Amino acid sequence: MVIDVLGVGAGFAGLYLLHRLRSLGFSTKVIESAGDVGGTWYWNRYPGARCDIESLDYSYSFDRELETEWQWSERYATQPEILRYLGYVADKYDLRRDIRFSTRVESASWDHDALLWRIRTDNGDEILSRFYIMASGCLSLPKTPDIEGLDRYRGDSYYTGRWPHDPVDFSGKRVAVVGTGSSGIQSIPIIAEQAAELTVFQRTPNFSRPAYNGPVSAAKRAAFGAGPAAYREAARWSRAGVPMEANATRALQASTQERLATYEAAYASGDLLAFGAAYADILLSPQANETVCEFLRNKIRSIVRDPETAEALCPRDHFYGAKRPCLDTSYYETYNLPHVRLVDVRKEPLRTITEKGIDTASRSFEFDAIVFATGFDAMTGPIVAVDIKGRDGQSLAAKWADGPKTYLGLTTHGFPNFFTITGPGSPSVLSNMAVSIEQHVDWVSTCLTHMREQRLDTIEPTPLAEAGWVQHVNDCADITVFPQANSWYMGANVPGKTRVFLPYIGGVGRYRAICNDVAQQNYLGLAFTGRDGARCDDGLICRLQPDVSMLLHFIESLGMPPRETMSVTEARAQSIAMRTGRPPGPDVGEIIDATLPGANGPLVYRLYRPSSRGPHPILVYFHGGGWVIGSYDSDDPFCRDLCVHSDCIVISTDYRHAPEARFPAAIDDGFAATCWIAANAEVLGGEPSKLAMCGWSAGGNIAAVVCQMARDADAPLIAGQVLINPVTDCDFTRDSYAMNGSGYLLTTSLMQWFWDHYADAADRTNPKASPLRAPDLRGLPPALVVTCEFDPLRDEGLAYAEALASAGVDVRYLPNRGQIHTSLISVDIIRSGSGARAEIAAAVRGFFQNGTFISDCRRGL
Ligand code: FAD
Ligand code: NAP
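This one's a predicted model, so the numbers in the text were calculated from it and none came from an experiment.

1. Some words on the overall build of the protein chain
Within the protein chain one finds 26 helices and 29 strands. The C-alpha atoms of the protein chain give 31 Å as radius of gyration, which agrees with the globular expectation for 861 residues (29 Å, within 12%). Judged by the C-alpha coordinates and their principal axes, the protein chain covers about 90 × 75 × 55 Å. Scored against the burial criterion, the 861 residues of the protein chain give a buried share of 59%.

2. A word on helix 20 (residues 665–679)
If you check helix 20, its first and last C-alpha atoms are 21 Å apart, about what 15 residues at 1.5 Å a residue would give, namely 21 Å. For helix 20, every residue scored as buried is listed here: A665, A666, I667, D669, G670, F671, A673, T674 and I677.

3. A word on the packing of aromatic side chains
Aromatic rings considered in pairs are described by the distance between their centres and by the relative angle of their planes. All told, the structure shown has 56 aromatic pairs when counted by the stated rule. For the pair F12 and Y60, a centre-to-centre distance of 5.1 Å together with 55° between the ring planes defines the contact as tilted. With F12 in helix 1 (residues 12–23) and Y60 in the loop between helix 2 (40–43) and helix 3 (64–69), this pair connects stretches of sequence that are 48 residues apart. Among the residues examined, Y60 registers a relative accessible area of 1% and is labelled buried. Pairwise contacts between aromatic rings join F12, Y16, W41, Y58, Y60, F62, W70, W72, Y85, Y88 and Y93 into one cluster. A cation over a ring is seen here: K299 above Y267, with NZ or CZ 4.6 Å from the ring centre.

4. Quick word on unusual backbone geometry
Omega for the peptide link from A658 to P659 comes to 5°, which places this bond in the cis form. Put simply, A715 and P716 share a cis peptide bond, and its omega is -10°. Take P716: it is sitting in the loop between helix 21 (698–713) and strand 27 (720–724). Phi is positive for S330, close to 60°, though the residue is something other than glycine. As for its placement among the helices and strands, S330 is situated in the loop between strand 11 (326–328) and helix 11 (331–334). What makes S330 partly exposed here is its relative accessible area of 38%. Even without being glycine, N522 reaches a positive phi, approximately 55°.

5. Quick word on the pattern of salt bridges
Summed over all chains, the structure comprises 59 salt bridges. Taking the shortest distance from any N to any O, the salt bridge between R97 and D98 comes out at 3.5 Å. With a closest N to O distance of 3.8 Å, R341 and E197 form a salt bridge. Linking R341 in strand 12 (residues 340–344) with E197 in strand 9 (residues 197–202), this pair joins segments that are 144 residues apart in sequence. Judged by relative accessible area, R341 falls into the partly exposed class, the value being 36%. A cluster of three or more residues bridged by salt bridges with shared partners is formed by E290, E294, R297, R301, E311 and R316.

6. What to know about the state of the cysteines
In total, this model carries 0 disulfides according to the counting rule given. As a non-bridged cysteine, C447 has C515 as the owner of its nearest cysteine sulfur, 11 Å distant. Since its relative accessible area comes to 0%, C447 is described here as buried. The cysteine C536 is free of any disulfide, with C447 supplying the nearest cysteine sulfur at 13 Å.

7. What to know about the site of ligand 2
For ligand 2, the set of nearby residues contains 26 residues, the closest of which are S183, Q186, T204, K323 and R324. Here an oxygen atom of ligand 2 sits 2.4 Å away from a polar atom, N or O, in the side chain of T204. Here an oxygen atom of ligand 2 sits 3.0 Å away from a polar atom, N or O, in the side chain of W488. Taking 910 Å² as the accessible area of ligand 2 by itself, protein coverage stands at 91%.

8. A word on the sheet that holds strand 15 (residues 364–366)
Spatial ordering of the open sheet is given by 13-14-15, a layout of 3 strands whose pairing is antiparallel. With one partner strand each, in any of the chains shown, strand 13 (350–353) and strand 15 form the two edges of the open sheet. Strand-to-strand twist in this sheet, taken as the mean axis angle between neighbours without regard to direction, amounts to 20°. For strand 14 (residues 357–360) and strand 15, the ladder comprises 3 bridges, and the chain directions are antiparallel. The residue bridging G357 from the neighbouring strand is E366, located in strand 15.

9. Re the site of ligand 1
Lining the immediate surroundings of ligand 1 are 32 residues, of which E32, T40, D52, Y58 and M433 lie closest. W43 is positioned such that a nitrogen or oxygen atom in its side chain is 3.1 Å from an oxygen atom of ligand 1. Between ligand 1 and R104 there is a distance of 3.3 Å, counted from a nitrogen atom to a side-chain nitrogen or oxygen. Its free accessible area being 960 Å², ligand 1 has 95% of it covered by the protein chains.

10. Some words on the pairing of strand 8 (residues 174–178)
Of all 5 residues in strand 8, 4 are buried, a share of seventy percent or more. Bridge analysis of strand 8 against strand 9 gives 5 bridges, and the strand direction is parallel. Bridged to R174 within strand 9 is E197. Judged from the 4 bridges that link them, strand 8 and strand 16 (residues 369–372) form a sheet pairing that is parallel. Each bridged residue has a counterpart across the sheet, and for A176 the counterpart in strand 16 is I370.

11. Looking at the packing of helix 6 (residues 218–225) against helix 7 (residues 228–236)
A pair of packed helices can be characterised by two numbers: the angle between their axes and the separation between those axes. One way to put it is that helix 6 packs onto helix 7 with a least axis distance of 6 Å and a crossing angle of 100°. Between helix 6 and helix 7, the crossing angle belongs to the class labelled roughly perpendicular. Where helix 6 approaches helix 7, its residues K220, A223, F224 and G225 are matched on the opposing element by P228, Y231 and R232. Here the contact of helix 6 with helix 7 is built from residues that sort into 4 nonpolar, 1 polar and 2 charged.

12. Observations regarding the sheet that holds strand 21 (residues 533–536)
Working definition: the strands of a sheet are paired by backbone hydrogen bonds and lie parallel or antiparallel to each other. Across the sheet, which stays open at both edges, the 3 strands sit in the order 19-20-21 with antiparallel pairing between neighbours. One side of each edge strand has no neighbouring strand; the edge strands of this open sheet are strand 19 (456–461) and strand 21. For this sheet the average axis-to-axis angle between neighbouring strands, irrespective of direction, equals 15°. Where strand 20 (residues 526–530) meets strand 21, 4 bridges bridge the pair, whose relative direction is antiparallel.

13. Structural notes on the side chain of D635
Mapped onto the secondary structure, D635 falls in the loop between strand 24 (616–622) and helix 19 (636–646). Buried charge without a salt bridge: D635, with R582 as the nearest opposite-charge side chain at an N-O distance of 5.6 Å. Residues contacting D635, with those up to four places away along its chain left out, are Y621, H623, G624, W696 and I825.

What counts and how
Residues numbered from 1 in each chain as written. Chains lettered and ligands numbered in written order. Predicted model: local features only at pLDDT ≥ 70, side-chain atom pairs only at ≥ 80, totals over all residues. Heavy atoms only, no water. Helix = DSSP H or I, 4+ residues; strand = E, 2+ residues; numbered from the N terminus. Rg over C-alpha atoms; globule rule 2.2 N^0.38 Å. Buried < 20%, exposed > 50% of the residue type's maximum accessible area, 1.4 Å probe, protein only. Expected span 1.5 Å × (residues − 1). Phe/Tyr/Trp six-rings, centres within 6.5 Å; stacked < 30°, edge-to-face > 60°. Lys NZ or Arg CZ within 6 Å of the ring centre and 35° of its normal. Salt bridge = Lys/Arg side-chain N within 4 Å of Asp/Glu carboxyl O. Disulfide = S-S within 2.5 Å. Near = heavy atom within 4 Å. Polar contact = N/O pair within 3.5 Å; in protein donor to acceptor, adjacent residues only side chain to side chain. Areas by Shrake-Rupley, 256 points an atom, 1.4 Å probe, with all protein chains shown as cover. Pairing = 2+ DSSP bridges. Axes fitted to C-alpha atoms, helices over the stretch in contact; angles between N-to-C directions. Parallel < 35°, antiparallel > 145°, perpendicular 65-115°, else oblique. Contact = heavy atoms within 4.5 Å. Nonpolar A, V, L, I, M, F, W, Y, C, P; charged D, E, K, R; others polar. Lys, Arg positive; Asp, Glu negative; His and termini not counted.

Just distances and angles here, no functional claims.
Here it is as structure tokens:
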């Protein structure tokens, strides 16, 4: 008999999957290796086990009746209570009759002729199913601790993730606990209450803080009770699956006192997510994060009496949140008890397990019992533990050997009709998993219903869509502090496992919107076959860098009128207002504001001097703003960044703006300013003859033209030019205008508005306005031309780079995937631009180091 769906696992995910698919009329069976339902809550019966997302949130939301019938006795329910809840759910919806317990799925292979999965269990059965769904859990495969001599030990040993069903009594015993993740931190205080002696072996201290458990608070009951449906909906669209106010302020914008008050409130809340949400940049900025780390270290120091033990318990090798933080009950207080000791395995490495206990590099310990709280082969482990073979016998374990490759964390190319619930590449373990599980099950159920209605037999993601999603998952992780830690999120806890960030950190709400979008766009990126033929709308669902996307959403939410509908005065005022509260950029050695002679009167400039000893090369910088908006200080954070990373003096000089001073006023001022700076280089602290040009947008246009004028005038000598999203031509017909002309801040109509203010139609083709049109580009200084994928000016930047290269100029072209016109100058706002900013600074340094830039450029084009 062929069934519609076989699910693996009877935890939170498998139970809801079975209920939902069954109610939609799909014949569904579940296989579970445990003796009953519960998953995580079946296996993890260790002392102190409980949830750390509030139970009211960490529960199903699909049935209002269930919500009213079940009342949680505590804010953070114990393992037995959660297990009872899942048992109650299984009974209420009569789920057990379709679950085969005490049975392990060992292999699953796709039969392409029959269009079904052949699934084998450890009982020797073969089950035939059209769809195969792993609801096998992210933390269901305990990791075997990589400690020598495990089999030698003759005392009692326990694994937190496989705890016996009968109560374990440690009274009067000498007990060791290995591991100080969430499981260790929850169990240590309870084991200490019983044991005669407790020795904790810690390799990496974790951030933990009190859960302040108790009855569900009145505030929480009220928030939920006021409108359960609205409350749940807010959770579904939140960042982590729990309704929560996010603070839009950055941590370092607040005063030390304000920050302390915020952190004290977060600490007192006993809410796992409170610190991550305390400021907008806690999980993004190392500097912001360090303020939380030090606050929490001070809490540890204030609790643990022995200063040496306190310091050993203070995490220092990872940022807060980058390894999963913990909530505890009296964890640090436990180390004040006379019969509890901490062994820091970093200082005193575990050498081997012996017959009687544990040997470290310097001591031998004897124990009656050892508890291993050593964690799991997370996310991918339980999936690849099953021998899964897709189309043409391709092995999933082999495909994922260098890290999991999925589309939306739900599907993977080459494995038709195969889904994972909360799989790698989805928010899963970074969220309240009850919410993520329901969202995945609902999405898959809707998809299967769609296939049934459309008479479709198979579904599978395309290579393009999958590669795009893997890229997006990495892009999201790369702007956070997470990839730096040796965490199980990175697979770093399992020897030999490829180091790659496993979950999706873009947020639960955003992820839900993406999944909905995929479905609405005719299941974009998913290929179907069916009785009526094959069907596929291929494409990428997330093409912008994640922080660019967030910025665009934020700006859209402000509901501002387009700039080109404003008067020039209004547009300038708006531009200045938008700068309020932006991150300042890094500190530089010195900043001087002064004036220099322009072509038609004095111009203000700002000089940024590095903190290193001078003299330094000088980089002349022209700001953007379409020749109409902006000033010498409008790109201040970017100039600081350039100064610090290039180790050059950066001089951001003003120029006259249109419409008051139209073409060629800006160019004449730019050239005059450059000549004056060259002539006064030594007085300014610069090295004579070490001068380069840089500009962004219209400033890039000025920099390019000044280089041409300097070449023609034989002075000043310019070592190199960096043109960032430059205006190089007045032609609006290039593809990038058609593709990116609306929706990415710099629009076609805004560009039109700028040109109209700046130059008469007849002047626009003048090479001083459109440097691409210069009859001869030979002899220009080496150039770095930087463009962004979603910029209308992208193609004219590329055209200029190509034209320079054709003219024999040393040129390097640096395109930026997923970025918009304003990305690269948005220091500490668009973090994904930091790699490009570093490359720009390196190129500037290369201009002044003989031969460095030239060899670089040759690699570039
Ligand atoms: P699981 O509950 O892990 O169930 C998967 C099931 O699949 C298991 O029973 C397993 O035996 C079975 N299985 C796997 N492979 C096979 C196979 N090949 N054949 C047959 N059966 C198989 N998340 C939160 O959001 N909040 C919390 O507070 C929280 N606390 C946690 C506490 C602990 C101690 C742990 C370990 C995890 C916690 N989590 C928490 C994460 C937790 O795993 C999820 O919240 C949730 O329980 C996962 O449900 P699931 O059904 O996806 O997976
Ligand atoms: P874990 O966080 O991976 O912690 C395992 C611990 O064992 C770490 O301290 C690790 O040190 C240590 N360890 C592993 N191998 C070791 C070795 N060979 N020698 C010495 N030390 C070793 O695992 P976990 O505590 O079971 O938690 C896993 C996840 O489950 C949690 O992050 C959380 O998501 C979930 N969970 C939640 C709760 C809850 O409160 N609701 C409770 C338990 C678990 P290193 O850090 O140096 O690798």
